[in-house]
Structures are given as C-alpha cells and as structure tokens.
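Architecture and fold: a report
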Amino acid sequence: MPVSTVEMSREVLDGLWEGYQLIAPDWTYVYVNEAAANQLGKKKEELIGRSIKDCFPGIERPETGSALQQCMSERRAEQVETALSHPNGSRRWLALRFLPVAEGVCILSLDITRAKRGAFTTHFGEDGVGAARESTGMANDGRPLVLVIDDDAESNRLVTGQLAKQYRVEAAFDGREGLRMAAELKPNLIVTEVMMPAMTGEELVVSLRRNPELTAIPVVVLSSLENDELRVRLLSSGAQDYIAKPFALAELKARVANLIQMKQAEALARRVAEDRALLDEFGSILASSLDYDDTCANIAELVMGALADLCILDVPDETGDGARLQVAHRSPAQAAWAGALRHLTFNRKQAGSFFIDLGTEAQLLVSEGLASRIGALTSNHDLQRALRELAPQEILAVPFNARHHSVGTMILIRTSLREPFRARDIELAEAMARRAALALDNAYLYRQGQRAIRARDDVLGMVAHDLRNPLHAMLLQLGLLRRAGQQPERRCLVPIEAVLREGARLDRLIQDLLEVARIEAGAFGLKCEPLRVSALVVDVAESNRLFAAESSVQLVVDAESDGSVELLGDRDRLLQAFDNLLGNAIKFTPPGGTVVVRMRARAAEVELSVTDTGPGIPEAELPHLFERYWQGQNADGRGAGIGLSIVKEIVEAHGGRIAVQTALGEGSAFVVVLPRRDIVALVASPKAGERRSG
C-alpha cells in the first residue's frame, strides 16, 4: 500500500547521503534532496517544479524511463542501473530504486561509479537503501561511519541529521543497543548520551574499552549534567571528549571532525607501517633465490597469505613458449582444484597467455555478475569452467610488468568466507605485483643466462676435443721427425722446435678449456695421494727451465726443506696449477729479469710462491684477477683468460687458498698455502678427534 511522504522531514532527507527524488504523476519534480542533485550534476532549484522529461530529454525511452513509467502506472517497485554524463565531464553510474508513494514515485539513487570501475561492491537492502559496509567503518563512498546513541528521539534526530551531512550515520536509542551495533558495525566514532535506561553512557564507555576490537573507537559523551567529577571519571574511563548540553551544533561537528581525522591519521600510519613491513619481508624472501620455480612458488604463497584465499600466477614455462599456472591455496579442500589447474597447458606463441593482457591496470570482478564476466578474463574454456566451479566472491586480476613488458598475471580470489577487497588491498596487491614482476624477470633472465653458459661450455668442450685430436697427431709426427735416425739440418730443426713449442702451448690452452667444461659440469675431481713438496717444486721448475732460458729469464728455486714435507693431493692437478703460475711469471718478466719459486714449511701448512720482476698488476685489476675469461691490460692476447681461475679452483679443491702481492714496476708474487699431509689425514679420520683428545 502506498505510503504518505507529507510528514517526512525535509531536513532529514537532506541529511541522507543516498539520493532522494519525489516525482509527481505528471513526471514533475516535487522534491530533490542535496545528494540527488549532486549525483545529477544540477541545483535543486533547476529541478523542482520542472518535468523530468525537460530536465533530461529522451529519458522516457531508455530503461530508466520505462522503470519510472511502470512504477507510476502499475504501482510496483522497480530497480535499474543507469549511466549519465555529469556536467563536470565525468561519466557516472547510478543504482536507482523506484518506489510508489501517495504523491507519485520516489526514486532512491546511489552513486555506484566506483563499483563499476571495480573498487567496491554495492547492493540494495530490503528497505531499498543502498549499503556497502566494510569492517573498517568506511562506506562505499569513503565517508566515515558515526554511531549516535541517545534515548531522546528528538535529540538523536537532531544530532544524526547534522552529522549525516558529512558522515554516514547510524542511530541507537539505548546503551545496550548501541554496544551491540558498535560490535557489528565497528564505527569510526561514537557519540553517546550519559543518562540512558538499561545501560548508561558511562557503563557503555567501560564496556567498549574492555572489548579489544572496540577499544580504539573514539567516544564523545553528551550530558546535561554539570558534574566535574563525572566528566573526569568518563575521560579516565576512556572517553575522548565530553560536551555539556546545551551545546552549539557547530562545536559538536568540529570536535567530531577532529577526532575522526586523528583516528584516520593513526589508522593510516599503522596501515602504512604494516604494508611497508610486509613489502620489505616480501622483497627479502624474493631476493633470497634466483631459481625461477622457487620464485614463482614464493610469490603465490606470500601473496595468498597476505591478501586472498587463492592465488594463481599465469607465467611463462621453462621454455618461454608455453604458459603454466602456479597455484597457492589456503583451504585443504581446494587442493584437488589447485592440482587440476597446475596441469593445464597453453601455447603462448598462439594465444599469448591464460588470462587477457591487463595492460597496467588491476581489474576487480565482484560477486554480482561475476560468472558472466569470467569469459572476459580468460578465453581458456578449462580455466573458465574451473573458476565457475569455485564460485568465488571476488576476483582481483593484477598484471606483472617489468622493463616495459608483461611477464605474467596474478589472480587473487576471495571466497564468500572473507570480506570484499578494499582499496587498500588493491594498492597493496599492485605494490607486491611490481616487486614480484622484477623478481620473476630477474629469475627468468638468470635461468636463460645459466642455459647460455651451459651451451657455451658444451661448445667449448666439443671444440677442444675436436682440436686436440689433429693437434696430437701433428705433434706426434713432429716428434718422430725430430728423433729420426738421419739428423736433419739445423735450419730444419729450428722451425720444427718452434712448431713443437707452439703446439704444446696450444695443447695447454685446450686442456684449460676442457677443465672449464668439467668445472661447469660439476665433474671436477681429484685423485689424491701423498706427494713430496720439494719434488713437486723441482718438477715444475724443470718443466719450465727451457722456456725461461729462451725468454732470457733467470729461474731460481728456493726450497727450504729436508724433503720430508708432504701434501695429500692430485699430482697432475697441482702440476697444472703451478705450471700455469710459473708460465705466466716467465711470460710477463722482461729479458734479464728473475723468477723465483719458493717453498716454506709451516707448522700446519706449506707455502709455495712464484715471484717475478715483471711490471706488476694495477690495483684496479686485482678484484678480477681470478675471474674466468678476464684479461688485464698487459695481456698479450695469447691466452683465454681462464688459467688463473683454474689455478684457484685447483687450490681451493685441495683445501688451500691463493693470494697475490704486487707493486707496479717491481713485480708480483702469487702465494699458495696448502694444508700439510698430517693435518689433512687428521681431519679426514673418523677417530681423529678421539686420538687428539686422548
């Protein structure tokens, strides 16, 4: 039955944040409140008394006009959503509820522009009033919620009407009802009278402060009692302000505004600190690994734990040509569903990815109409079916963009058991996506780099083997020619010796390349045996003595030892290492210079050094000296820059260390320190500790 609106207070209607329009049977505006005028982008005076058809030409033809006509003629409620162009140039969406009344039709309107843009979800309640509540007490238009508690209906209406112009307001008419509504709504602020039946304002304040979920809500107490003791007691109990009646409404509004601003500032600072701590932890965990699979798993688990019930990552697979889904879920009941998604495959070259390209903007799909919009999110039918079976409450899709290109998509899903996504959640998800995209891109590039290194080393190994066979055949034939019974003439012997020498150098270079391939493949091993250090030094020196003589370099061996000092090591590997050091020293020492090979026995170690009188090594080159494929400015181009890196690998594989001492213009000394045989044996023996302690 139609209700009369004659007795409704226009002051109350103007205080509503929902729009209210009263339309006469001839489609003339009878009344428009401030909210509706703002939504329509017009002044009240421009509407009241004029026909809605004149104000909005053509309105009778679209869905809005049809709903108004049906409500007017058939006297039944209608509901539609419509878009209109605001005078400020923006496009706005309104949810309209048409209700038959005695004077014609009243239209309740709610601005749902942000919902249409994916920020919030709105709906009409049974009473026809738009609602969109969050646990923070913020309405869908961003206004704080104030709860007014007063058993005096007139006083309650007066305060509610004044505050409703700035805030969303709820009213309670006794202390117990107010406490219940506070627990349900979590308002931003409470305004309460002191003297009330059932529960006084003082008892209400005490109860609020005993509840951990309500203790931070500011409370303004109103009282007609001039009682300083009561004022002090209320403030001590946890009230933030006390206003004696009668009071100026402007004063009340100012004090309420100050407290709400303080609470919002505190809440914002707390949220910023929490989000920053979360993002710092998120970044630290992602930075802990460059493994692509681990990075994907970490992103999905961490984002799910912070923001959603499920997280789906649409990322390239190992080849980069296909796509795969990484899924993290909160509930064990979703394990089978998540497992099915992980087995879906996709060809990125043919269709790009599982989900649409979001560009740079996040998209939110809310529960109303979500099932029909899933098809716009993904063209994969298996994925569409899986998402519809899950029946999510909301889906938030966030792009992964790094270095100006897309590296994937992150899908966050909340079920009906969780509250809707808030603006803060969306901002946090986008911040996490930016960090995750960089981590994914870095992990992907690292993986590609490792593959390239392995491919290079495979090629080096194959080339080295292919070169070595004909080289060995050539060296063998030259050796036979040199040892032939018929003595060749001296003029023939000299080039043969040169070819043999260069062939030997080439053989050493190939050996170095093979060593690099073994190291990269993890096949670098040692065949350890007891070795006399003095004999090792003599062997290395003798193998390079001819090279030193030909280079006009004096080679000196300084081995202070009685021959009993031993190492436990691989003779061929150690000879290779020291031959490399000694060969470099001779090569970089000018004619007339000196190279000294020294051995010094220590209590637990033996020190071997190769010292030259060459040009020295610039200080800037020292950090790179043992890097693979690196050559200094004095390099003659005859090496591959891998010799010293192999020396370091061999020394460290024996449990030793290597260092360099150098001075420009004076020369360099490479010092190798290795554990003596008795120390190595002591550590290796399972009962060494017992013998030592005994």
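All values reported here derive from a predicted model rather than from experimental measurement.

About the cut-offs
- Residues numbered from 1 in each chain as written.
- Predicted model: local features only at pLDDT ≥ 70, side-chain atom pairs only at ≥ 80, totals over all residues.
- Heavy atoms only, no water.
- Helix = DSSP H or I, 4+ residues; strand = E, 2+ residues; numbered from the N terminus.
- Buried < 20%, exposed > 50% of the residue type's maximum accessible area, 1.4 Å probe, protein only.
- Contact = heavy atoms within 4.5 Å.
- Areas by Shrake-Rupley, 256 points an atom, 1.4 Å probe, with all protein chains shown as cover.
- Pairing = 2+ DSSP bridges.
- Axes fitted to C-alpha atoms, helices over the stretch in contact; angles between N-to-C directions.
- Left-handed = near helix turned anticlockwise from the far one by under 90°.
- Nonpolar A, V, L, I, M, F, W, Y, C, P; charged D, E, K, R; others polar.
- Right-handed = clockwise from strand over helix to strand, strands pointing away.
- 1 Å grid on protein atoms, 1.4 Å probe; cavity = no way out; pocket = protein on both sides within 12 Å on 5 of 7 lines; lining within 4 Å.
- Points joined across faces, edges and corners; volume = space filled by probe spheres on them.
- pLDDT = per-residue confidence, 0-100.
- Parallel < 35°, antiparallel > 145°, perpendicular 65-115°, else oblique.

**A short note on the overall build of the protein**
- Within the protein, the regular secondary structure consists of 23 helices and 25 strands.
- With 694 residues in all, the protein has 45% of them scored as buried.
- Here the contacts in the protein between residues at least 6 apart in sequence split such that 60% fall between residues at least 24 apart.
- Roughly 34900 Å² of accessible area belongs to the protein as shown, and the carbon and sulfur atoms make up 52% of that amount.

**Describing the sheet that holds strand β10 (residues 189-193)**
- Pairing within the open sheet is parallel, and its five strands lie in the order β9-β8-β10-β11-β12. A single partner strand is all that each edge strand has here, and the edge strands are β9 (168-172) and β12 (241-244). Strand-to-strand twist across the sheet, computed as the mean angle between neighbouring axes with direction ignored, equals 20°.
- Examined bridge by bridge, strand β8 (residues 145-149) and β9 share five bridges and lie parallel to one another. Bridge pairing in β9 places leucine 147 opposite glutamate 170.
- Contacts between helix α10 (residues 228-237) and the sheet are confined to β11 (219-223) and β12, with β12 contributing the most and set at about 155° to the helix.
- Docked against the sheet, helix α11 (residues 249-287) engages β8, β10, β11 and β12, running at close to 175° with respect to β12.

**Considering the packing of helix α20 (residues 571-588) against helix α21 (residues 643-653)**
- For the pair α20 and α21, interaxial distance at closest approach is 9 Å and the crossing angle is 140°. Crossing of α20 over α21 shows left-handed handedness. Residue-level contacts link Arg573, Leu574, Gln576, Ala577, Asn580, Leu581 and Asn584 of α20 to Gly643, Leu644, Ile646, Val647 and Ile650 of α21.
- Its residues assigned to classes, the contact of α20 with α21 comprises seven nonpolar, four polar and one charged.

**Some points on the pairing of β9**
- Within β9, four of the five residues are buried, leaving the element largely enclosed by the surrounding structure.
- Each parallel crossover has a hand, and for β8 linked through helix α7 (residues 153-163) to β9 it is right-handed.

**So, empty space enclosed by the protein**
- Taken as a whole and judged by the stated rule, the model has two cavities of 30 Å³ or more.
- Here the largest cavity defines a volume of roughly 60 Å³.
- Taken together, Leu536, Val537, Val540, Phe578, Val597, Leu608 and Val610 make up the lining of the largest cavity.
- Tallying contributions element by element places helix α19 (residues 533-550) first for the lining of the largest cavity, with three residues.
- The residue inventory of the lining of the largest cavity, partitioned by class, reads seven nonpolar, no polar and no charged.

**Details of the confidence of the model for the protein**
- On average, residues of the protein score 77 in pLDDT, and 71% of them are at 70 or above.
- In the model, residues 1-8 has pLDDT below 50 throughout and makes 16 contacts with residues more than four positions away in sequence or in other chains.
- Note on residues 117-140: pLDDT is under 50 here. Beyond four places in sequence and across chains, it has 76 contacts.

**Quick word on the packing of helix α9 (residues 201-210) against α10**
- At their nearest, the axes of α9 and α10 sit 9 Å apart, and the two run at 15° to each other. Considered as vectors, α9 and α10 are oriented roughly parallel to each other. Seen along the crossing, α9 lies across α10 with a hand that is left-handed. Contacts between α9 and α10 pair Glu202, Val205, Val206 and Arg209 from the former with Leu230, Arg233, Leu234 and Ser237 from the latter.
- Here the residues of the contact of α9 with α10 sort into four nonpolar, one polar and three charged.

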